[in-house]
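Okay, here's what each chain looks like letter by letter:
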Amino acid sequence: NFGSYLFIASDTLYFQTYLSSLKYAVITTIICLAIGYPFAYFMARAPKHLQPMLLMMIMLPFWTSFLLRIYAWKTLLVSNGVINNMLLSLGIISAPLPMMNNAFSLLVGMVYSYLPFMILPLYANLSKLDLRYLEAAADLGTSPLKAFWLITIPLSKAGIIAGSMLVFIPAVGEYVIPELLGGPDTLMIGRVLWDEFFSNNDWPMASSVAVVMILLILLPMALFDKYQSEQSEVEA
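The rules behind each value
- Residues numbered from 1 in each chain as written.
- Predicted model: local features only at pLDDT ≥ 70, side-chain atom pairs only at ≥ 80, totals over all residues.
- Heavy atoms only, no water.
- Helix = DSSP H or I, 4+ residues; strand = E, 2+ residues; numbered from the N terminus.
- Buried < 20%, exposed > 50% of the residue type's maximum accessible area, 1.4 Å probe, protein only.
- Contact = heavy atoms within 4.5 Å.
- Areas by Shrake-Rupley, 256 points an atom, 1.4 Å probe, with all protein chains shown as cover.
- Lys, Arg positive; Asp, Glu negative; His and termini not counted.
- Charge placed at Lys NZ, Arg CZ, Asp CG, Glu CD.
- Core = buried A, V, L, I, M, F, W, Y, C linked by side-chain atoms within 4.5 Å.

A.B. asks: Sorry, what's going on with the overall build of the protein chain here?
C.D. replies: A count of helical and extended segments in the protein chain gives 12 helices and zero strands. Counting from the amino terminus, the protein chain carries its helices and strands in the arrangement α-α-α-α-α-α-α-α-α-α-α-α. A total of 236 residues make up the protein chain; the buried ones form 38% of that total. Partitioning the intrachain contacts of the protein chain with sequence separation of at least 6 by distance along the chain shows that 73% fall at a separation of at least 24. Carbon together with sulfur atoms contributes 70% to the accessible area of the protein chain, which is approximately 13,600 Å² in total. Taking the 11 positively charged and 14 negatively charged side chains of the protein chain as two groups, their mean positions are separated by 10 Å.

A.B. asks: Mind showing me how you'd approach the nonpolar core here?
C.D. replies: In summary, soluble globular proteins display a tendency toward joint burial of nonpolar side chains. Counting 47 residues, the largest nonpolar core has Tyr14, Tyr18, Cys32, Met110, Val209 and Met213 as the members making the most contacts within it. Elements represented by at least two residues in this core include exactly α2 (12-45), α3 (51-59), α4 (66-77), α6 (103-126), α9 (157-172), α10 (176-181), α11 (189-199) and α12 (203-235). If one sorts the elements of this core by residue count, α6 sits on top with 12 residues.

A.B. asks: Looking at this model, I keep getting lost on the side chain of Thr29. Mind explaining?
C.D. replies: Structurally, Thr29 can be placed in helix α2. Under the relative-accessibility criterion, Thr29 is labelled buried at 9%. For Thr29, the contacting residues outside a window of four places in its chain are Met118, Ser164, Val167 and Phe168.

A.B. asks: Help me understand the environment of Ile58, please; the structure alone is not making it clear to me.
C.D. replies: Relative to the elements of secondary structure, Ile58 occurs in helix α3. By relative accessible area, Ile58 is classed as buried at 9%. Spatially, the C-alpha atom of Ile58 lies 29 Å from that of Ile189, the residues being 131 residues apart in sequence. When near neighbours in sequence (up to four residues on either side) are disregarded, Ile58 contacts Phe39, Met43, Pro116, Ile119 and Leu120.

Here's what the structure looks like:
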């Protein structure tokens, strides 16, 4: 329905919702990368007999239902939840902190849920890194920090891009986490899509919203595919 696309283009609500979804997806990806890269690096450099245990720690949350894990965060972050009660009992705060139904709770839930998807491809990439490059850099007088920046980061670029795509793409259309942990200021396109389908029963509009969301997701996927093709040509 072409009219639905025109309405989406003319209504600021949809534009702001798409923008909000992209913003929170980008922030989630950056935080996951900042947390996940050091952990993946530590895993890759850990003794071989410890790596399966560390990998199991990353996979452990998947043994529990996704909904149960999100509800657990809801229990932790509410005003009378575990975190606020502990801080109040220790005298660190005098009133409960507003940690629920806002951007903070949304990002906590999204980072927690998608962090393993960042760590796993990074670990797979870093574990195959040839350490002789770092040894050669050290022999030439390069500091460990400089060698990390000039050698390790560029050689792990494929893992960084793959992990970022695995986090960013599902985060854009996330529905459950914004619904349970977010608030009125954290509206994302997944919730709008749900409302169009099941509350408004406007299927043409819902389909148009979904198509635009897919187009937004296809762009980073196309960039990733282009990068993979270029890397294959270089290696060949």
